[in-house]
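The lines below spell out each chain.
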Amino acid sequence: MEDFTKMMGQMKEAQAKVQEMQQKFAQLQATGEAGAGAVKATVNGHKEVLGLDIDKEYIDPNDKEILQDLIVAAVNLANKAVEEKIQEEVKQHTQGMLGGLPIDWMR
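Residues take numbers from 1 onward in each chain, read along the sequence in its written order. Residues qualify for local features only when their pLDDT is at least 70, as the model is predicted, and side-chain atom pairs are given and counted only at 80 or more; totals for whole chains, interfaces and linings, by contrast, use all residues. Just so you know, side-chain values use all the structure's heavy atoms and leave hydrogens and water out.

1. What to know about a nonpolar patch on the surface
Using the following cut-off: Residues with no salt bridge and a relative accessible area higher than 30% make up the patches, which join like charges within 9 Å and nonpolar side chains (Val, Leu, Ile, Met, Phe, Trp, Tyr) within 5 Å. Here, Shrake-Rupley sampling with a 1.4 Å probe gives the accessible areas, and only protein chains in the shown set may cover a residue. Whenever a carboxyl oxygen of Asp or Glu lies within 4 Å of a side-chain nitrogen of Lys or Arg, that contact is scored as a salt bridge. Going along the chain from the N terminus, every DSSP run of H or I of four or more residues is numbered as a helix, and every run of E of two or more is numbered as a strand.
Taken together, the side chains of F4, M7, M8 and M11 present a nonpolar region at the surface, about 400 Å² in accessible area. Position of M7 relative to the elements: it lies in helix α1 (residues 2–27).

Given below as structure tokens:
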């Protein structure tokens, strides 16, 4: 019975850490650049786009496909970068508590 009580305490501690991490995810930010910096997208840890910066040199109404591709690439790169930050944050805060569980179940 003592082992069960200890295990329940560890589960509550893990739940508290998960909630803390989820709050931190919203504060994480990453920027992705495409076209050698022509387009920059910034996202948060919930993968919401916070900002988009486009070099005016690339705004050509006659060639919107290139601009669209650059925007998509920048957002995808920003999402990848913030995911790496999330992975690192999870690693630092769990230190073996969650074993080999994937972090996707936390979102």
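2. A word on α1
Here is the rule we go by: Expected span of a helix, by definition, is 1.5 Å for each gap between consecutive residues, and there is one gap fewer than residues. Residue burial is assigned from relative accessible area. The probe radius is 1.4 Å, only protein chains are included, and a residue is buried under 20% of its type maximum, exposed over 50%, and partly exposed in between.
Spanning 26 residues, α1 covers 38 Å between terminal C-alpha atoms, matching the ideal 38 Å at 1.5 Å per step. Every buried residue of α1 is listed here: A14, V18, M21 and F25.

3. Some thoughts on the sheet that holds strand β3 (residues 49–54)
In plain terms, the rule: Any two strands with at least two DSSP-identified bridges between them are counted as paired. Where helices are involved, their axes are fitted lines through C-alpha atoms of the stretch in contact, as for all axes, and angles between N-to-C directions lie from 0 to 180°.
The antiparallel open sheet is built from three strands, whose spatial order is β1-β2-β3. Edge positions in the open sheet fall to β1 (29–34) and β3, since each of these has one partner strand only. Put simply, the sheet's adjacent strands are angled 15° from each other on average, direction ignored. Bridge analysis of β1 against strand β2 (residues 39–44) gives six bridges, and the strand direction is antiparallel. Bridging across to β2, E33 finds its partner in K40.

4. Considerations on the pairing of β2
Where burial is concerned, most of β2 is hidden: five out of the six residues are buried. Taking the residues that link successive antiparallel strands as the turn, the β1-β2 hairpin has four residues, and the phi of G35 there is positive, at about 65°. Here β2 pairs with β3 via five bridges, running antiparallel. Bridging from a neighbouring strand, V39 pairs with I54 of β3. Where β2 hands over to β3, the hairpin turn is made up of four residues, of which K47 adopts a positive phi near 60°.

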